[in-house]
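# Analysis of the macromolecular model
Here is what each chain is made of, one letter per residue.
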Amino acid sequence: MVHFSGNKKLVLSVAINVMLAFALSMLIYLVYHQFIYELDSVSKWTRYSVRTYRKYEGGMAFFEVLMGPKEDRQPQVPRRIYSYSGKQAFHVEMMGPDMTGNGVPDLVISQWNGSAHGDSRYLVLELSGSVVNEIDVVDGLLSATFEDLNNDGTLEIAAVDRSYSYFLDSYAASPRPSVVLSFDKTLAKFVPDKKLMLKPPLSQDQLDKLTLKYKNDPRWSKEFRPPSELFDTMLGLIYSGNEKQAWELFDASWSDVSKIPKQECKEALEENLSESPFYPVIADWNKGKS
């Protein structure tokens, strides 16, 4: 008769080790980030909390959304319902108010990419019970704020378009046109809000004064380049639905002493416009006005 007691012990030992390894791997999965990263911030709203973490060596970060029990239940440990990782740091910008107009609370997280100028992208998430829905990722903005600008109960994003950084000048002097974004339910993303951004054109008197100011700016002769304020005004006009007037100002303000060819400068600005994630929508507003 053959005895298998030794084999049974071996099989049992292997099974126990496999189970322990599985349990350990699950434990590491659940608390991995807490071992590798340092807690950066904690934000709370009703039953939800958001914890952001940073790994100071390596430039990585992550955040997690946790959901706690209802107030009438026994105390429980909040459970993670969402997590997201990337570079370089995350910050809770807004938590609770509605961004999409469907009456469901939202969460906005900014992700800093490590740039010295603080460039950020914005992740818009929806807090729907125990589910976190990814609504949109908005890139290309600086200094975003979240406000109900038209008093309709839904927040808009007010910011500046960072597509023109270092355009013919330093970063600090770069033109920064303002944009207002609202959620388009048909496109399921945030787009420039026509009603909030359109403005009437300048009067002829205002246009004449600006033309005189820019044409006689000393930078034409001292630095042999156009004044940066010219492009600030131009982009402000373009982004408010007055592109035709913007190019009229450009033509009338150009100085003969400029070392930069006029056509070259025009093409450079048109290239920057084409790289903006918001200009295609704005360009449609300006069609038929040229």
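Please refer to the structure placed before this passage.
Presented here is an overview of the structure given in this document. (Residues numbered from 1 in each chain as written. Predicted model: local features only at pLDDT ≥ 70, side-chain atom pairs only at ≥ 80, totals over all residues. Heavy atoms only, no water.)

A few words now on the overall build of the chain. A tally of regular secondary structure across the chain gives eight helices and 11 strands. Considering the chain as a whole, with its 290 residues, one finds that 42% of them fall into the buried category. A sequence separation of at least 24 residues applies to 46% of the contacts in the chain between residues at least 6 apart. Split by element, the accessible area of the chain, about 16,600 Å² in all, is 55% carbon and sulfur. (Helix = DSSP H or I, 4+ residues; strand = E, 2+ residues; numbered from the N terminus. Buried < 20%, exposed > 50% of the residue type's maximum accessible area, 1.4 Å probe, protein only. Contact = heavy atoms within 4.5 Å. Areas by Shrake-Rupley, 256 points an atom, 1.4 Å probe, with all protein chains shown as cover.)

According to the stated counting rule, one finds 13 aromatic pairs in the structure shown. Taking 5.8 Å as the distance between ring centres and 25° as the angle between the ring planes, the aromatic pair formed by F63 and Y84 counts as stacked. Here the residue F63 occupies a position in strand β3 (residues 60-67), and Y84 occupies one in strand β4 (residues 79-87), the gap between them amounting to 21 residues. Assessed through its relative accessible area of 23%, Y84 is described here as partly exposed. Here Y84 and F90 contribute two aromatic rings whose centre-to-centre distance is 5.8 Å and whose plane-to-plane angle is 90°, an arrangement assigned as edge-to-face. The exposure class of F90 is buried, given its relative accessible area of 4%. Taken together, the ring pairs in this structure connect F63, Y82, Y84 and F90 into an aromatic cluster. (Phe/Tyr/Trp six-rings, centres within 6.5 Å; stacked < 30°, edge-to-face > 60°.)

Our next topic: the packing of helix α5 (residues 228-239) against helix α7 (residues 262-275). Running from N to C, α5 and α7 point in directions that differ by 45°, and their axes come no closer than 13 Å. When the axis of α5 is compared with that of α7, the two are oblique. For the element pair α5 and α7, the recorded crossing hand is right-handed. Across from F231, M234, L235, I238 and Y239 in α5, the residues of α7 making contact are C265, L269 and L273. Classifying every residue of the contact of α5 with α7 gives eight nonpolar, no polar and no charged. (Axes fitted to C-alpha atoms, helices over the stretch in contact; angles between N-to-C directions. Parallel < 35°, antiparallel > 145°, perpendicular 65-115°, else oblique. Left-handed = near helix turned anticlockwise from the far one by under 90°. Nonpolar A, V, L, I, M, F, W, Y, C, P; charged D, E, K, R; others polar.)

The sheet built from four strands is open, its strands ordered β1-β2-β3-β4 with antiparallel pairing. Each edge of the sheet is formed by a strand with only one pairing partner; in this case those strands are β1 (38-45) and β4. Between one strand axis and the next, the sheet turns through 15° on average, direction left out of account. The pairing of β3 with β4 spans eight bridges and is classified as antiparallel. Its bridge partner lying in β4, M67 is registered against R79. (Pairing = 2+ DSSP bridges.)

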